[in-house]
Each structure stands twice: as structure tokens, then as C-alpha cells.
Amino acid sequence: FFSAGWCYFLRPRPPPMRRCCAPLGVLLAASTTQSLSFTAQSRLSRVHPARRTAPPTLGAIALLAEQLEVVRSIRPADDSAEVQFKLWENAGLNPTYKVSGSISGEPSYTRLFSHADWREYSGTEPLERWMRAIVTWRYSTVLRALWKLSLLAALWAYAVASLPAALLPRTSPVPMSLFGQALGLLLVFRTNNTYQRLAEARTLWGRAIYLTREVAQGVATALLFDRRVASKEEEMEGAAEGAAASCRYLAAFSWELNAKLTGPTLPDDILRALFTAEEAEWMAAQRSRPLQLLGALRRALHAQWREGNLPTHVHRKLEENVSELNLVASSCERLFSSPVPPTMSRHVVRCMVLWLFGLPLVLAGTMAPSAVGFWVFVTSYVFIGIEEVGVQVEQPFEIVPMTQLCRLIMANLEEAFLQRPPPGM
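Each chain has its residues counted from 1, following the order in which its sequence is written. Totals for whole chains, interfaces and linings use every residue, but because this is a predicted model, local features are given only for residues with pLDDT of at least 70 and side-chain atom pairs only at 80 or more, for both listing and counting. Calculation of side-chain values draws on the structure's entire complement of heavy atoms; hydrogens and water are dropped beforehand.

Considerations on the packing of helix α10 (residues 173-223) against helix α18 (residues 369-394)
For clarity, the threshold we go by: Axis angles are defined between N-to-C directions and span 0 to 180 degrees, where every axis is a line fitted to C-alpha atoms and, for a helix, only to the segment in contact. Under the DSSP-based scheme used, a helix requires at least four consecutive residues in state H or I and a strand at least two consecutive residues in state E, with every element numbered from the N terminus. Any angle that falls under 35 degrees is termed roughly parallel, while one over 145 is termed roughly antiparallel, one within 65 to 115 roughly perpendicular, and all others oblique. Note on convention: near helix rotated counterclockwise from far helix by under a right angle means a left-handed crossing. Clockwise means right-handed. When checking whether two residues touch, look at their non-hydrogen atoms; a contact exists if any pair is within 4.5 Å.
Direction vectors running N to C along α10 and α18 enclose 20 degrees, while the axes themselves pass 8 Å from each other. Relative to α18, the element α10 is oriented roughly parallel. Between α10 and α18 lies a crossing of left-handed hand. Contacts between α10 and α18 involve G180, L183, L187, R190, T191, T194, Y195, R197 and L198 on the former and, on the latter, F383, I386, E387, V389, G390, V391, V393 and E394.

Structure representation (C-alpha cells):
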């Protein structure tokens, strides 16, 4: 009897306060939800108040969507040959010397690869791949760039080989063989340097895509989807303005960095689409627009932190990402302004001239003049072609698909700021 009584007093019971407040909580919940429809979304928002999102009709975000749409119309997503050629010509470049894929339809480094491109590029049999390379040879940028030089070398070789044997100097092939080996090493060394620049440029823009996405997602999470900010109507609009401003600065940063690296002129159409006329005019007059845009982004984030909309740890992380973006822009400017030492390039060209000048003297008399001219043409095509592929990629930002990368950054920004996830995500 004593044990039964003791268990009765120790049995788990709800606290008195909970028993007393339960009916009151039900009444309060009923009174606050009289005007709401009993849908699954409203029930989820009442059960998980921390997962509520900002209202979808914020004026700043609606204006941002319109501005980004204007930017997309200015920089269309059409990858046709005509549009790509127009972009190259607007930059003051001759596309026939830089990219052949737009003409032949072959995969090119100037476009981002898809699964279809990879299947076409390396997913076929070797014979088919080789035949396709031979058929599209006439579109080769290397051939277009150096056929005149190779033809001059062949004509010189034909003229030398046509001379009487008495007029030809007796020359050993050993010096030319040693010369060719040294020249091959010099060409490979220079070409490796230029392709390292191309790889670094692509890595930097991959880093820029990652950092802009990180900043966009961090800002949108803190200013648009945070429950504390969304619960205060007077702070919600200010936070939305800060988020929209951050998005505009990131979008303009990518396009302005693209324009600075590909030039030669810097149009201000993107700035006028995203900012007021006064802001766009001031930004267009700056020495380095990308760095000024990052400075404006920093000031916008600092203002949101001072207003209490950005937590300190989030603001610190965003500052680190902006600092990394600053480093990316500075590294891109370094690559653009500092080429492979021109002395090396000139030395390669001069050594090539000496070698091609002396090669017919060694080959003369060993075969017919026409054969000498033909083989000098082929040899010059191979050696000068190695030098030419290095020249084509030495300015890497003319080869990296900058426009497509900027559109990818735009897509990331739109996903972060404009596409609101369903409740619970």
C-alpha cells in the first residue's frame, strides 16, 4: 500500500501552468487565424515560425527583378555565330584569328562545355574525331594566321633549291639539327607560360563565380529570409533595399570586370540599367569600376550591420568574401597588364627567322625544288603554329568565355534574390 501511494505521487504529470494556459493558447490561436485560410502552407508557417519567408511583394525586390531583366536584354544569351562574332568585333578583335568553333560548329574553349559538347569532342571513335579535324582544317585559326608566313618560307626555299649547285654553299646539317632542338625547347617553354596564364584566368573567374554566389546567398538569407527581420515591418523594407543594392553591385561588378579585361571601350549601359543616372555617371568616371563597385558593396553591407539587420558573424564572413573578390579583380588586372616578357617573344621570332632562312640551304640538292618548298611549308606550319597557339592565348581573357560566365553569375544572383523557396526550405 505504501509503494502504490508513493508511485501515485511520483507519476509524470503536466505542469500546472501548462494545464492552465492550454485553453488560453487555443483561444489566442483561433483569434489570430480567423482571417487566414487553413492551407498546408499557413499551417506550416504557424508550426515553424522560424521558417517564414519575406513577403513576395517587396518593392525593392520587384524593381530589382525588372532591372536584371533589362541587363539580360542588353547582354542576350544567344550563342549563335552571328552574335558571337558581333561581340568580338565590338571588342576590336578579329574572330577569325581567335576562334574557329563559331564557324565550324566544333567545340571551342570560348564556350562553356555541356554534356553534348563533351560527347562530340571526346566521346566518338578516334577515326571519326580525326576525320572531323581534317575536314574542318580550313577553319583553323592557326592556318588562317600563318599561311602567309609559311608561303613566304616555301617560296624562299624553292628559290634557293632552284639555284645551280655551284652557287650553293656547302653546309652540314648538324648545326641546323642542333638549332632545331634548341628552338623546340624555346617554343615549348614560351607556350607553357602562356597556357599557364589561360589556366589561371579561368581559375580566377571560377573563384569569382563562387564568391559572388556565397555573398548573394549570405545576404539573401540574412536580409530576406531571416525571421527576426521579416517580423518587423519597418525593418523589412530597409533590409530588402540593402539586399537589392547588394545584388545590383554584384551584377555590375561581373560585367564591369568583363569589360575592363576585354575592352577596349567600357560602355556604361549596364550601369545605367542598374543604377540611377547620377550613380551611373559617377561610377562610369572612375578609374577602376569593379573596385569601386566592391567598395559600394562594402558600404551597403556595413550600413545593414549598423542597423542591426546583419549579425556580426555574418557581416564578418561577407567582408572576407568581398575581400577575396577584391583579390580576384586585382589578379585579373595583373594578368591583363603583365604579359609574358616581350623579349622572349621577340627572341623566339628572330630565332625562327634564322632557322627558316638556313633550312633550305641544307635541303637544297637532296630533292626537287618543289619538294623542298613543300616540306619547308609543312615544317614552318608546325613550328610557327606552336608559336601562334601561344600568341592566341597570351591575352587569356579573349579566350575565356567571359560573357557566358557573367550570365552564370546573373543566374546565381536571380536564384538567390528572386526565387523564393517554399516554406520549410
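Brief notes about the pattern of salt bridges
Quick reminder of the rule: In the sections that follow, a salt bridge refers to a side-chain nitrogen of Lys or Arg positioned within 4 Å of a carboxyl oxygen of Asp or Glu. Partly exposed residues are those whose accessible area sits between 20% and 50% of the maximum for their type, while under 20% is buried and over 50% is exposed, using a 1.4 Å probe and protein chains only.
According to the stated counting rule, one finds 7 salt bridges in the structure shown. A salt bridge links R334 to E200; its shortest N-O distance comes to 2.5 Å. Linking R334 in helix α16 (residues 312-337) with E200 in helix α10, this pair joins segments that are 134 residues apart in sequence. With a relative accessible area of 39%, R334 lands in the partly exposed category. Its salt-bridge partner being E319, residue R298 comes within 2.9 Å of it at the nearest N-O pair. Taken together, the residues span a long stretch of sequence, with R298 in helix α15 (residues 289-306) and E319 in helix α16 at a distance of 21 residues. For R298, a relative accessible area of 25% puts it in the partly exposed group.

Describing the nonpolar core
Quick note on the threshold: Within this scheme, the nonpolar core is defined by two criteria: the residues are buried Ala, Val, Leu, Ile, Met, Phe, Trp, Tyr or Cys, and they are joined through side-chain atoms within 4.5 Å.
Core analysis: the biggest nonpolar cluster contains 68 residues, and W205 and F417 have the highest contact counts within it. Of all the elements in the fold, those that place two or more residues in this core are α4 (59-74), α10, α12 (233-262), α13 (269-274), α14 (277-284), α15, α16 and α19 (402-417). Counting residues per element, this core draws most heavily on α12, which supplies 14 residues.

A look at the confidence of the model for the protein
Should pLDDT be low for a region, the predicted coordinates there are not to be read in detail. Put simply, the rule reads: The pLDDT value expresses, per residue, how confident the predictor is, ranging between 0 and 100.
Taken residue by residue, the protein gives an average pLDDT of 81. The fraction at 70 or more is 77%. Put simply, helix α3 (residues 40-47) is where the protein has its lowest mean pLDDT, 33, and α16 is where it has its highest, 96. The low-confidence segment residues 1-57, where pLDDT is below 50, has 25 contacts with residues more than four positions distant or belonging to other chains.

Some thoughts on the side chain of T212
For the record, the criterion: Any pair of nitrogen or oxygen atoms within 3.5 Å is treated as a polar contact; in protein, a donor-acceptor pairing is required on top of that, and neighbouring residues in sequence qualify only through side-chain atoms on both sides.
With respect to the helices and strands, T212 occurs in helix α10. Look at T212 and you get buried, because its relative accessible area is 1%. There is a polar contact of 3.0 Å between the side chain of T212 and the backbone oxygen of I209. Setting aside residues up to four positions removed in sequence, T212 forms contacts with L250, L325, I409 and L413.

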